[in-house]
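Descriptive analysis of the structure
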There are 2 protein chains.
Amino acid sequence: MNADPRRLAQALGHRFTREELLIQALTHRSVGSSNNERLEFLGDALIGFVIAEALWERFPKADEGTLSRMRASLVKRESLARLARDLKLGDSLRLGAGELRTGGHARDSILADALEAVLGAVYLDAGFERTRTVVLELFAARLEQTDAERAGKDPKTRLQEWLQSYKRPLPEYLVLSIDGDQHDQTFIVSCQLQDADVTTRGTGTSRRRAEQAAAESMLERIQHG
Amino acid sequence: MNADPRRLAQALGHRFTREELLIQALTHRSVGSSNNERLEFLGDALIGFVIAEALWERFPKADEGTLSRMRASLVKRESLARLARDLKLGDSLRLGAGELRTGGHARDSILADALEAVLGAVYLDAGFERTRTVVLELFAARLEQTDAERAGKDPKTRLQEWLQSYKRPLPEYLVLSIDGDQHDQTFIVSCQLQDADVTTRGTGTSRRRAEQAAAESMLERIQHG
């Protein structure tokens, strides 16, 4: 715990001139009255705008409702917490004793809020254009994924591309069971990541359909879980 | 109707390089598929961020919840429609025949959406820093008013300052009635604008209290009505 916050800044691709801003962004309210809540307010609005613009540009045919839904999915708590975990943000968090004891480092809400605060701090440190670049870099894989979903790519392809974007090995699909008559079969297939202890299952009337269902479930797990 | 949109741009203090962006921002969906809905999505997010930053800076002691409430009040539909009316934005709107007939030019939702779209268009035309200046200029009086409310100024003072910021004459207060015994009186006072046919009333146990109530009601009317 309490790793050097500069490591986090490096992972974000921004070197802070005013490091005290970064420290404040990593300080949960359980520590005291000087905490990250105001920076979170700023960062939340900032991310909302940068992602709105990115979606606006990427999807010239999407209507306002679609853009709003895509944005809501990208910036929701679970999505931000996932990004915070990728950055190992929890290691640099400053928590009060109570939160430390109860595992605050791993809590979605605390991670998501702190990530917003850190991006608010980047804005104060370096201005809009710089922060826009940092935010777009951070969300790059998720934005690609949004592209793929819009393009109607199937779940197995999307899962493969997602894993490749993080340079992770491809998943393994295994047929667990085949039930029923020749013309009315039910396949149960597992999808397993090779570099993590995560397995999902899918059911379908063909091996292919069951694999797609298992891949969809895996995408759901790794992107939103 | 359909005044030269350049007059609107001038009122906003921005000269468009790409005038077609402004035209699109003023085109309601009732006209056809090329309309202002996507620009509205962009502008809404932009305003949200610029106002968040302005409040963050102005109120260094305000907590996140207070900042959120202040922002919600500044950017809500009624507030944006009020700003749009000040700009005479309705005169430049492009509406379909149905909306024209039913008075769409004057509708809060249409005005607020179009103002968001116009600011989204300014952003695409001129970038963040420029648009930030335009938005802050547009909201200047409202931000001042937020200051005054936070500073605990009484309604009569706030009303006076608000009117002065628009170079409008001071309101007139008139005692309409005094009821009750010497030590248990009820005053009814009217507050009237001298340059508009708007009157509100206030009731109180003293003339001063009744005037404050009438001023509060007037503020409510002219700022949010």
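Note that the structure is a prediction, hence the values are computed from the model and not measured.

As for the side chain of threonine 27 of chain B
Looking at the secondary structure, you find threonine 27 of chain B in the loop between helix 2 (19-25) and helix 3 (37-58). Classification of threonine 27 of chain B as buried rests on a relative accessible area of 8%.

Considerations on the layout of surface pockets
Put simply, the largest pocket is a space of about 300 Å³. Lining the largest pocket are 17 residues; nearest its centre among them are Ala45, Gly48 and Arg71 of chain A together with Ala45 and Arg71 of chain B. When contributions to the lining of the largest pocket are tallied by element, the ones reaching two or more residues are helix 3 (37-58) and helix 4 (64-75) of chain A together with helix 3 and helix 4 (64-75) of chain B. In terms of residues, the lining of the largest pocket owes the most to one element, helix 3 of chain A, which gives five residues. Within the lining of the largest pocket, the residues separate by chemical class into nine nonpolar, two polar and six charged.

Digging into the UniProt feature "binding site: Mg(2+)" (unreviewed entry) in chain A
Mapped onto the present numbering, the UniProt feature "binding site: Mg(2+)" (unreviewed entry) falls on Glu40, Asp113 and Glu116 of chain A. For this annotated set, covering 77 residues, all C-alpha atoms fall within 5.9 Å of each other, a compact arrangement in space. Within the annotated group, the residues that form the lining of the largest pocket are Glu116 of chain A. Along the chain, glutamate 40 of chain A turns up in helix 3. A relative accessible area of 9% places glutamate 40 of chain A in the buried class. Apart from the residues lying within four places of it in its own chain, the contact partners of glutamate 40 of chain A are Asp113, Glu116 and Ala117 of chain A together with Glu64 of chain B.

The rules behind these values
Residues numbered from 1 in each chain as written. Chains lettered and ligands numbered in written order. Predicted model: local features only at pLDDT ≥ 70, side-chain atom pairs only at ≥ 80, totals over all residues. Heavy atoms only, no water. Helix = DSSP H or I, 4+ residues; strand = E, 2+ residues; numbered from the N terminus. Buried < 20%, exposed > 50% of the residue type's maximum accessible area, 1.4 Å probe, protein only. 1 Å grid on protein atoms, 1.4 Å probe; cavity = no way out; pocket = protein on both sides within 12 Å on 5 of 7 lines; lining within 4 Å. Points joined across faces, edges and corners; volume = space filled by probe spheres on them. Nonpolar A, V, L, I, M, F, W, Y, C, P; charged D, E, K, R; others polar. UniProt positions renumbered as here; feature names shortened; annotations may be inferred. Contact = heavy atoms within 4.5 Å.

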